[in-house]
Structure formats: structure tokens, C-alpha cells
Amino acid sequence: MPNVYEKLGVPTIINASGPATRLSGSIMPAEVAEAMKEASQYCVDIAVLQAHASQYLAQVTGAEAGYVTSGAAAGLLLGTAACITGLDPTKMNRLPDTRGMKNQVIMARSHRNFYDHAVRSAGVELVEVGIADRYSGAGVRDTEPWEIEAAINERTAAVCYVAYTHSLPSLAEVVAVAHRAGVPVIVDAAGQLPPAANLKRFIAEGADLVAFSGGKAIRGPQSSGILCGRRELIQAAALQHLDLDIYFAQWNPPPSLIDKSRLPGAPHHGIGRPCKVGKEEIVGLLTALRLFVEEDPQARRSRWLQLMEALAAAIGETPHAQLSLANDAKRTEIPILALQLDEEALGFSALDLVKRLQDGTPGIHANPSRVSEGVVLFGPMCLKEGEPEIVGKRVRQLLKG
Ligand SMILES: *Cc1c(COP(=O)(O)O)cnc(C)c1O
């Protein structure tokens, strides 16, 4: 029986890199796919479903409330919009025109990344502060908390913080200066799982809103994500996301998500309406998150480690390439296999190898982030059983020329 992609004539690929939107995200556990299929066979009031999700997300993250988004990037857009408008429906209706509103978001220059387009989409100006001297190699310093504090003014809607283990200043320091001025902090924690403890960590460190991807390590639907944080901000985000084609008198949102009594009227469809979330994604995300939280971290790690060990064994010893498996739990959450090429002896580069893997049949996708050092990386998160052997065989062939 041809699979659904074969019927479409679309080739499937082997993802030996890791969850990436470009490569269609992760592979959902069967239980998640089943839950989505079942969800698709009924209709519900989407706000009631989101209110239920909110309570579960609050419990899992330690936040006051949560919301299912169509991804972490959507969470950043909705979170930024919430920080700009608060609960004012007039302001909501005007976005992304933010004239006269709080329309600046402060970001350490070293935190800038392609995804901050989602923050800017709400209609704000990004105010970059500090200089990332340690990245240029010219020095040791990065943005410092006082520089963020100095940039705060009456137009500041939020400070956006991108969470990586190497991010500076620390989130606690950023929260301290922002909160001193009454400014909320939005954390982009899209890829910061595992460890599962990070679901609670950024909220515990004082973040007002945190955005996670649902389609990375959680293995939920590719177009899902989590926004969690302060109840009032989640309410403002929900109001700019939910479909509001309804008479105010008829509208009966769950009070745990939206306190109707605080609103003069309902806003129009908001700036978040284009990133809508279906019942299938909400149910899928909740199911995947439950499985993620329940899975023993050691078991998850050894599942990944086995895939990487199988790949290393399948590549085996070759004269002009060296394998090393990074598996120190203190340094890396995810076991990663690195293949260091002797580019000169081979007569081709690490990027050439990545491209040749990708151009074969089936296409095999490796992680190119260290090709400038002659290294090709492999990650386990989207590999299926049996695939390490296929990848290993192809790598061997290509290395033999
Ligand atoms: C993946 C990622 C995003 C986007 O996440 P989606 O869930 O795909 O929207 C945002 N920020 C960072 C740092 C990421 O790694």
C-alpha cells in the first residue's frame, strides 16, 4: 500500500538532523496522531477547549495561565500584542498600528534572531541594546542589565529574552530591572526542551510570558506551541486570537480564560487571527505534552542514544573522517554524533557531504551548523528505527568516493 505521500508523489526524507519546520517538524507518537484523529470528528466551543488547555498548561508550567498557539513564533506575536494592548479592545483593533501606544520592545543585541520578526509583526520597534563583544571575539562582555534598564522608557511594552544556556545577561537579572520599571518580560524558549524542568524554570525565574514550540521535542503537531504566563496577559493574547464573530450579549467565554466583565465590548478578530489553532492541534499538543512530561528522562535519553550509537556503528571506521558522540548529560541534553572530515584528503567539504546526502534517494538531512569547521552533525530526535543503518551506509559510500 502506498503511503499518503507516495500517493501524492511527494518523496519522504530521512531527518537525521532534528526537528525543523523546513523538514516538517518531528514525528508524532501514534497516541498523539490518534487523539488528533478523534478530535477531528467532533465540534467544540474552541474557547472552552482553550480554557481547559489553559488549566493544564498552568499546572505543567507553574504559570497562572496558558494558551495553545500555532507555534512558538505565534506565541511571541500574541505575547507581544498582549503586552502592548493589555485588556483594551480599542488598542487591539488598531494593531499593528501602534501609534500612541507602548510600541518598543527591548532586546539584547546578542539575542537578535530571525524569529524576532514575530515580535516586530505586532507593530513594535525593536530596541537593541549592548554589544555582543564575546561573539565577535573582540572581548569578553555582552549586554549588561543596566543597559537594558537605561533603554526602558514610557514607550516600552516589553523586554524580549531569548533563552539559551549561553544567554547573557541571566534571565533573573533582566527580570529584576524590567520589573523595577513595571515592564513585562517575554521569553522565547522555543527549543529549550528537554529538560522537562525548563517547562517551569523561566516562569519560576520571573518571566511574565514564555513561548515554547509544540512541534520540537514535545512531538506535538508541527503547527502547535505553548504560551504561558500571567493570567491577564494570556487573556489579552486569547482576545487577539480567538474568533469573535459573535454578538457581545451572546458571547459566553469561560471566565477562567476571559473575564468578560472587565471588557466594554469584544474586540474584532485580532492580530493573531491569521495564526489560528484547530481543535486537532490543541488536543494533539495536550496529548503530546502529557506524554513528554510522563516519559522518564533517562528512558528518553537512552532511546536517543541508541539511535546515535546505531548510526555510529553503521558509519564505522573510515580513513578520512572521525566520529565522536557527544553524550555528556551535563553538557548536552540530546546525544549528538559529530563527523569530523579531513576535507583536504577527501577532496570535498563537509557542506558537500551534507548536500550529497540531501540530494540522494531518499534525501537524508544532516545538521550543517558546524560545516565551517569541517564537521557534519547528526541528531536523533526525528530518526526512526531502521533509519540509522540507511544513513550510515550512505555516509560510508560517500566517504569512499
Ligand atoms: C524554533 C524556534 C522558534 C519558532 O518556533 P515555532 O514553534 O516553529 O514557531 C522561535 N524561536 C527559537 C529560538 C526557535 O528555536
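Sequence order sets the numbering: in each chain, residues are counted from 1 along the sequence as written. Only residues with pLDDT of at least 70 are given local features in this predicted model, and only at 80 or more are side-chain atom pairs given and counted; all residues enter the totals for whole chains, interfaces and linings. As a rule here, side-chain values cover all heavy atoms of the structure and leave hydrogens and water aside.

*Asks:* I'm lost on the sheet that holds strand 12 (residues 375–378) in this one. Help?
*Replies:* Neighbouring strands of a sheet are bound in pairs by backbone hydrogen bonds; such pairs are parallel or else antiparallel. Pairing is antiparallel in the open sheet, where three strands are placed in the order 9-10-12. Pairing within the sheet leaves two strands with one partner each, and these edge strands are strand 9 (321–326) and strand 12. Here the average twist between neighbouring strands, direction ignored, is 20°. Looking at chain direction, strand 10 (residues 336–341) and strand 12 are connected through four bridges and run antiparallel. Bridged to leucine 339 within strand 12 is valine 376. The contact criterion used throughout is that any non-hydrogen atoms of two residues lie within 4.5 Å. Note on geometry: axes are C-alpha line fits, over the in-contact stretch for helices, and angles between N-to-C directions span 0 to 180 degrees. Secondary structure elements are taken from DSSP: a helix is a run of H or I of four residues or more, a strand is a run of E of two residues or more, and numbering for both begins at the N terminus. Packed onto the sheet, helix 13 (residues 297–315) meets strand 9, strand 10 and strand 12 and runs at close to 25° relative to strand 10. Each of strand 10 and strand 12 touches helix 15 (residues 350–359); the most contacted strand, strand 12, lies at about 40° to it. Here, a strand pair is defined by DSSP locating no fewer than two bridges between the strands.

*Asks:* I keep staring at helix 16 (residues 387–400) and nothing clicks. Help me out?
*Replies:* A turn of α-helix holds 3.6 residues, and therefore any two residues three or four places apart point the same way. For helix 16, with 14 residues, the first-to-last C-alpha span of 20 Å sits near the 20 Å given by 1.5 Å per residue. For helix 16, the full list of buried residues reads Glu387, Pro388, Val391, Gly392, Arg394, Val395, Leu398 and Leu399. One side of helix 16 carries all its buried residues, which in axial view fall inside an arc of 165°. Exposed residues on helix 16 whose side chains face more than 90 degrees from its buried face are Lys393 and Lys400. In the segment just after helix 16, glycine 401 is the residue with positive phi, at about 80°. A helix's residues, less one, multiplied by 1.5 Å, set its expected span. A 1.4 Å probe rolled over the protein chains alone gives each residue an accessible area, and that area as a share of the maximum for its type sets the label: buried under 20%, exposed over 50%, partly exposed in between. Throughout, the arc means the angular range of directions from the helix axis out to the C-beta atoms.

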